[in-house]
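Each chain, written out:
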Amino acid sequence: MKLFRSFRLDPANQCLWHGEQRVLLPPKAFDVLRYLVEHPRRLVTQDELLEALWPETYVNPELIKKYILGIRKVLGDQHDNPVYIETLPKRGYQFIAPVTDHVTEDPQDLSSDVTSNMVGRSGPLSELQTAFRKALRGQRQIIFVAGEPGIGKTTLVDSFHQRASRAAQVRTARGQCVEGFGGKEPYYPMLDALGQLTRTPDSGAVVQTLARRAPTWLIQFPSLVKPEQREALQREILGATRERMVREICEALESLSSETPILLVFEDLHWVDASTLDLISALARRREEAKLMLVCTYRPVDLILSNSPLKGLKQDLQVHNLCVEIALERLPEPAIAEYLGMEFRKGSLPPGLAKLIYRHSEGNPLFMVAIVQDMMKNGSIIDDDKEWRLTTPLETIDPGVPQSLQQMLEVQFERLNAREQRVLEAGSVVGEHFSAWAIANALEEKIDHIEDLCDELAARQQVIKAIGIQELPNGLVAAHYEFRHSLYRQAIYRRLSSGRRVRLHRAIAERLKTLSGPGRRDVASEIAFHFESGHEYEQAARYLILAAENAAGRLAYRDCIQVLQHALKLTSKIEANLGSELETQVLEFIGDAHYALGAMAESAAAYEAAASRAGHAGLKGAQVSALSCMVRPFGLIDPDRGIAAIGRAVEVTRSMQDSLLLARMQMLAAGCRLLYDCWREQDAMICESAHNQLKELGDTDTPPFHKMIYAHVQALQGNYIQALELFERGIPTLNQTTSLMEHFFALSGKTIALLRMGRLGCVLQIVRDGREMAEKNGNDPWLFNFREAWLRMLTLDFEGSARVCEAILQTETAYPVSQPETIARIARGYIAIAEGFTELDKGQNGRAIELFNQVRDPQTTPKFFLHWNWRMTAQLGVSEAWFQSGNLEKASFEADGFLDAALETADPHLKALAWEMQTRVAIAKEDGRRAEDCVHKGLEIVDRFEVPVAGWQVHATAWRLYQSRQQYADAESHCERAQAYIFKIANSFAKEEPLRKSFLSAPPIARILNVGAEKRWAADV
Ligand SMILES: Nc1ncnc2c1ncn2[C@@H]1O[C@H](COP(=O)(O)OP(=O)(O)OP(=O)(O)O)[C@@H](O)[C@H]1O
Ligand SMILES: [Mg+2]
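Owing to the predicted nature of the structure, the values given are computational and were not obtained by experimental measurement.

Novice: Looking at this structure, how should I read the overall build of the protein?
Specialist: A count of helices and strands for the protein gives 48 helices and 18 strands. The dimensions of the protein, computed from C-alpha atoms along their principal axes, are 130 × 70 × 60 Å. Across the protein, contacts joining residues at least 24 apart in sequence account for 67% of those joining residues at least 6 apart. Accessible surface, the protein as shown: approximately 43400 Å² in total, 50% of it carbon and sulfur. The average position of the 118 basic charges and that of the 133 acidic charges among the side chains of the protein differ by 1 Å.

Here you go:
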């Protein structure tokens, strides 16, 4: 810590203190000041500064001038009569104020005095210090400091913060909750604080910890991510949820605190967002050791007014002893006397003054300070020859003091001149903090003039204080100011006529808009707020949409929906056409956000509302878009409604003369019918021809979801390589709200192609990776579990398959309504099939048929994705059961049904299995010709397509056929082919994989493999 005059520079935490107050400086300006302070009383040339601070980049020397200017402003230094920084023309700068080093004392000793006029707070301060000592020992501390406006929460926390950062090596950061931001800016205070931690000199450790432990947070700071890291990072956070984000930041903070203790301050929690509350709750409840202290301030009154869930959280934490609350009381009269004693050290103010101030202010410190200042301004207290005294008798002051704080503040305001009032009014519209830049435009004045005026007000300690300079996103550096207290701001804002308020909000919104270039969403909610207060509802809604994107980027979908609901309300105030357009856009976005949360029914309802709204307003493009979205959630909960919606989208598109859109919709509609309803050749043709047309039209923007549907269709026709390529390309397309589900859809499609291709080991790997990812994110990995169940059926591990599905049924999923029912329905279908085959193995044919029939019955098992594939598998099972029980007639009837159905599809796997069954029935019926005919049909398919699962079965049956005819050479060759397929499947697994072993030892497989073994044994003998 370096001290110079009334300033203290804390290099470790990148902050400059002026007395009790933190001073804002942009990071580079801070570095320039630090360099000068660390090399005092000698010339520092421009080159030296450039070399030291920008070693590898070219920087215009003018920039240094700009920073020096800003630093002078903050220090209150004058160019012609400097006391801090002297300019040596054409040579450089010299820091001329005396600098002393402040040595860190005993880290536990926080009592050392800081120049502060804080009175009456020794109790609360010592509570904070006790907590801090516990935190230093690894016991995390969550402290709430509560009290009415102006009671001194910020003052207390500031004073403690200073002591703590002077006493020990601590990482400190503060996060501010902002009025009107709650819900619009999820995690705002945490991001604010984290931003500070990433700007300190040892921020390397912070960034590394975020990269390692909290990638979902690192990605919120694009400037910290190197371009080459971005893709890996995005993959890493794929599927991340709010829960994961909360867990990650807790872990990162704990890990960081193990090196250096952390003190976080969250201010004004009565305006907090729900996501930050989740975070506080998690931080408080975790049991890991952490040298971490979080101090939060809030006003109980505003908490009740805003109905914030903070109240519930705090009570709950208190009950469990997980937090400490410090309630600040009003100051007693002796404290006021003490305050006067400190403020006016020399002099003879009458003892009755404290009583008078106490009576009026009722011990509210803000009121107390305002009364004292007022008395100085109006000349009741004067500095007479370095002695303070009253100019009028106490009794005459008494009636002159306004009765309420509000009146007091108004009196102070009215004493300012008209121009000062105008500037402050504009400032009050911007908010508690404002930059001269923001209001210069609103008032059509030069920024320098505004700064001069504000500096002067701040120097006179009137209404505002200068808090430093800050770099704006457009690269400008502007002075920032803060109302001395939020009540000052409120008092001034209340005085404005509504017309003037509206005009000022509008002007400020327009000004801020110039900061928000493309891709800059960080000021979106602020701009939206000003537009809304300026009654510019269209612009407000547009910026709320941006703010919602912001929230979605922070995985805070619930907050995202809340912002969008708010935008929706605004759209009703917008002129009809534009309003409807925005309304549909917002509704569709709400649908996306629900979809991302897994709330399928809500998602479908929002899309439906968007489509209907767009339909009424004649917005065909928007209508088609919303209708085509509906198929995604409905696909999971009610496929028929999804199919109907997409059919309607095609109809609407037909009237639009947009051949590209029509081709897209036709491809999607036909594809969905094929996957969710049943396979029809005509739809396969439509799908293909629409795809070709898109190619001809050079379409590069087909949405990923459409492409994935097409890829599934390819896979089901045996075009595995092409399908795999499409899925591969589909997997990395992320970045949007809905992209996660598309990613899963692509992965799921990939596993279907691989299952058909017998590459079961690859599928198992995908399942395991997917599960690991889901676990990291706290997601339910149901999709991957279903793939494992399917995989096990192909390895003939039917019991294992049923077990996996039973576990799916047992899992308590966090998904909202509808989706769990669908998942359960699919699970029950899978279980019936798996158990059916288990019963078959045991010879319980009647029971097996019962189970299979459950799956075939559309009442018991309503439609789901690829349901027809499973119904056909069940039919094959029934045929098998009759066959085993010797009822050839029924076996033949079902086998024929299965063949007809398989031939309707384009699926080589199903077709090959159908011919294989036919062959066995024919052999049993002793119809040699038919058997020969059928087996050839099956063989032809397995030769042409890579379908080894069907392959081994067809060849095994061919072997039996030729064996029975004593055509041993043919039989042997088929046996070898069957074995080759079996080994191909088995070898797709790792050597030690238990599934490989169980597959190879399954009785039907062993029977074929043993043929060779017997022969080898015979040869050995
Ligand atoms: N203990 C104290 N001793 C002397 N002055 C105090 C004390 N507490 C507060 N003040 C004065 O009162 C003013 C208001 O206090 P402060 O801003 O800390 O209140 P707050 O509780 O944070 O209010 P808000 O709820 O509006 O944030 C301060 O600027 C300071 O001048
Ligand atoms: Mg405060």
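On we go.
Novice: Would you mind showing me how to read the environment of Trp952 here?
Specialist: Looking at the secondary structure, you find Trp952 in helix H45 (residues 948–964). Residue Trp952 is classed as buried on the basis of its relative accessible area of 7%. Put simply, Trp952 and Ala978 are 26 residues apart on the chain and 4.2 Å apart in space, counted from C-alpha to C-alpha. For Trp952, the residues in contact, after removing those within four places along its chain, are Leu796, Ala978, Tyr981, Ile982, Ile985, Pro1004, Ile1005 and Ile1008.

Novice: I keep staring at the site of ligand 1 and nothing clicks. Help me out?
Specialist: Around ligand 1 lies a shell of 21 residues, among which Lys153, Thr154, Thr155, Arg299 and His485 are the nearest. Note that an oxygen atom of ligand 1 is positioned 2.5 Å from one of the side-chain N or O atoms of Lys153. Between Thr154 and ligand 1, the recorded distance is 2.7 Å, taken from a side-chain N or O atom to an oxygen atom. Summarising the interface, the protein chains cover 88% of the accessible area of ligand 1, which totals 620 Å² for the free molecule. A per-element tally of the shell around ligand 1 places helix H16 (residues 365–377) first, with four residues. Residue composition of the shell around ligand 1, grouped by class: nine nonpolar, seven polar and five charged.

Novice: So what exactly am I meant to see when it comes to the state of the cysteines here?
Specialist: As used in these notes, a disulfide is a covalent bond between sulfur atoms, one from each of two cysteines. Applying the stated criterion across every chain yields a total of zero disulfides. Cys296 provides the cysteine sulfur closest to Cys15, a residue in no disulfide bond, and the two sulfurs are 19 Å apart. Taking relative accessible area as the criterion, Cys15 reaches 13% and is therefore assigned buried.

Novice: In this structure, what is going on with the packing of helix H31 (residues 659–677) against helix H33 (residues 704–716)? I would like to understand it.
Specialist: The description of two packed helices rests on the angle between their axes and on the distance between the axes. Where H31 contacts H33, the axes come no closer than 9 Å and their chain directions differ by 50°. When the axes of H31 and H33 are compared, the pair comes out oblique. For the pair H31 and H33, the crossing hand works out as left-handed. Judged by residue contacts, Arg664, Met665, Met667, Leu668, Gly671, Cys672, Leu674 and Leu675 of H31 engage Phe705, His706, Ile709, Tyr710, His712, Val713 and Leu716 from H33. Its residues assigned to classes, the contact of H31 with H33 shows eleven nonpolar, three polar and one charged.

Novice: Explain the environment of Ile985 here, please?
Specialist: Within the secondary structure, Ile985 sits in helix H46 (residues 968–986). A sequence separation of 268 residues divides Ile985 from Gln717, and the C-alpha atoms of the two residues are 20 Å apart. Once you skip the residues sitting within four places of it in the chain, Ile985 turns out to touch Gly758, Leu760, Pro948, Val949, Trp952 and Phe999.

Novice: Would you mind going over the confidence of the model for the protein with me for this structure?
Specialist: Residues of the protein with pLDDT of at least 70 account for 95%, and the chain-wide mean is 90. Within the model, pLDDT remains below 50 along residues 105–109, and this stretch shows ten contacts once partners closer than five positions in the same chain are excluded. Below pLDDT 50 for its whole length, residues 733–738 participates in 17 contacts with residues either more than four positions away or in separate chains.

Novice: Looking at this model, I keep getting lost on H16. Mind explaining?
Specialist: The periodicity of an α-helix, 3.6 residues per turn, causes residues three or four positions apart to be oriented the same way. Look at H16: 18 Å from first C-alpha to last across 13 residues, which is about the 18 Å you get at 1.5 Å a residue. Within H16, ten of the 13 residues are buried, leaving the element largely enclosed by the surrounding structure. Those residues of H16 that fall on the buried side of the exposure criterion are Pro365, Leu366, Phe367, Met368, Ala370, Ile371, Val372, Gln373, Asp374 and Met375. For H16, the N-terminal cap is Asn364; the gap from its side-chain oxygen to the backbone nitrogen of Leu366 is 2.8 Å. Once H16 finishes, Gly379 follows within two positions and takes phi at roughly 80°, a positive value.

Novice: Quick question: what am I supposed to make of the packing of aromatic side chains here?
Specialist: A ring pair, where both rings are aromatic, is described by two values, the distance of the centres and the angle of the planes. Inspection of the entire model under this criterion finds 24 aromatic pairs. Both rings, one in Tyr187 and one in Trp217, keep their centres 4.9 Å apart while their planes meet at 65°; by these two values the pair is edge-to-face. Of the two residues, Tyr187 is situated in the loop between strand E10 (171–176) and helix H6 (188–197) and Trp217 in helix H8 (residues 215–218); the sequence distance between them amounts to 30 residues. Take Trp217: its relative accessible area is 0%, and that puts it in the buried class. Of the aromatic side chains, those joined through ring pairs into one cluster are Trp782, Phe786, Trp790, Tyr830 and Trp870. Sitting above the plane of the Tyr493 ring, Arg501 keeps its charged end 4.5 Å from the centroid.

Novice: Is there a simple way to think about the pairing of strand E12 (residues 292–298) in this case?
Specialist: Two faces make up the sheet, and in a regular strand the side chains alternate between them. For E12, the tally of buried residues reaches seven of seven residues, placing the bulk of the element in the interior. Here E12 shows two buried faces, one formed by Leu292, Leu294, Cys296 and Tyr298 and the other by Met293, Val295 and Thr297. One ladder, built from six bridges, connects strand E9 (residues 141–146) with E12; its direction is parallel. Pairing of Ile142 across the sheet is with Leu294, part of E12. Bridging between strand E11 (residues 262–267) and E12 involves five bridges; their strand directions are parallel. Bridge assignment links Ile262 to a residue of E12, and that residue is Leu292. In this region the chain leaves E11, passes through helix H11 (residues 274–285) and returns to the parallel neighbour E12; the handedness of that crossover is right-handed.

Novice: For this particular structure, what's the right way to read unusual backbone geometry?
Specialist: One can expect most non-glycine residues to show negative phi and most peptide bonds to be in trans. At Tyr187, a residue that is not glycine, the phi angle is positive and equals roughly 60°. By relative accessible area, which is 0% here, Tyr187 ends up buried.

Novice: Quick question: what am I supposed to make of the side chain of Lys153 here?
Specialist: Summarising the element assignment, Lys153 is placed in helix H5 (residues 153–167). We note that Lys153 is buried and unpaired, the nearest opposite charge coming from Asp268 at a distance of 5.9 Å. Other than its neighbours up to four places away in sequence, Lys153 contacts Val145, Ala146, Gly147, Glu148, Thr297, Tyr298, Arg299 and Leu328.

Novice: Would you mind going over the packing of helix H43 (residues 908–924) against H45 with me for this structure?
Specialist: The contact between H43 and H45 brings their axes to 9 Å, and the two run at 20°. With respect to H45, the axis of H43 lies roughly parallel. Here the hand of the crossing between H43 and H45 comes out left-handed. Contacts from His909, Ala912, Leu913, Glu916, Thr919, Arg920 and Ile923 of H43 reach H45 at Val949, Ala950, Gln953, Val954, Thr957 and Leu961. For the contact of H43 with H45, the class distribution of residues is seven nonpolar, four polar and two charged.

Novice: What is the right way to look at the environment of Gln407 in this model?
Specialist: Inspection of the secondary structure assignment puts Gln407 in helix H18 (residues 405–414). Judged by its relative accessible area of 39%, Gln407 is partly exposed. It is 61 Å that separates the C-alpha atoms of Gln407 and Pro703, two residues lying 296 residues apart in sequence.

Novice: I tried to follow the nonpolar core on my own but got confused; where do I start?
Specialist: Where a protein is soluble and globular, its nonpolar side chains tend to be buried together. With 298 residues, the main nonpolar core has Phe144, Trp217, Leu269 and Ile280 as its most contacted residues. Look past the residues within four positions of Trp217 in its chain and what remains in contact with it is Tyr187, Met190, Leu191, Leu194, Leu210, Met245, Glu248 and Ile249. Listed in part, the 32 residues of the second largest apolar core include Val37, Leu49, Ile68 and Tyr93.

Novice: I tried to follow the sheet that holds strand E13 (residues 324–327) on my own but got confused; where do I start?
Specialist: As a general point, the strands of a sheet are linked pairwise by backbone hydrogen bonds and lie either parallel or antiparallel. If you trace the five strands from one edge of the open sheet to the other, you get E10-E11-E12-E9-E13, paired in parallel fashion. At either end of the open sheet lies a strand with only one pairing partner, and these are E10 and E13. If you compare each strand with its neighbour and ignore which way they point, the axes differ by 15° on average. Of the strands in this sheet, E10 and E11 touch H6, which is tilted by about 145° from E10.

Rules used throughout
- Residues numbered from 1 in each chain as written.
- Chains lettered and ligands numbered in written order.
- Predicted model: local features only at pLDDT ≥ 70, side-chain atom pairs only at ≥ 80, totals over all residues.
- Heavy atoms only, no water.
- Helix = DSSP H or I, 4+ residues; strand = E, 2+ residues; numbered from the N terminus.
- Contact = heavy atoms within 4.5 Å.
- Areas by Shrake-Rupley, 256 points an atom, 1.4 Å probe, with all protein chains shown as cover.
- Lys, Arg positive; Asp, Glu negative; His and termini not counted.
- Charge placed at Lys NZ, Arg CZ, Asp CG, Glu CD.
- Buried < 20%, exposed > 50% of the residue type's maximum accessible area, 1.4 Å probe, protein only.
- Near = heavy atom within 4 Å.
- Polar contact = N/O pair within 3.5 Å; in protein donor to acceptor, adjacent residues only side chain to side chain.
- Nonpolar A, V, L, I, M, F, W, Y, C, P; charged D, E, K, R; others polar.
- Disulfide = S-S within 2.5 Å.
- Axes fitted to C-alpha atoms, helices over the stretch in contact; angles between N-to-C directions.
- Parallel < 35°, antiparallel > 145°, perpendicular 65-115°, else oblique.
- Left-handed = near helix turned anticlockwise from the far one by under 90°.
- pLDDT = per-residue confidence, 0-100.
- Expected span 1.5 Å × (residues − 1).
- Phe/Tyr/Trp six-rings, centres within 6.5 Å; stacked < 30°, edge-to-face > 60°.
- Lys NZ or Arg CZ within 6 Å of the ring centre and 35° of its normal.
- Pairing = 2+ DSSP bridges.
- Right-handed = clockwise from strand over helix to strand, strands pointing away.
- Salt bridge = Lys/Arg side-chain N within 4 Å of Asp/Glu carboxyl O.
- Core = buried A, V, L, I, M, F, W, Y, C linked by side-chain atoms within 4.5 Å.

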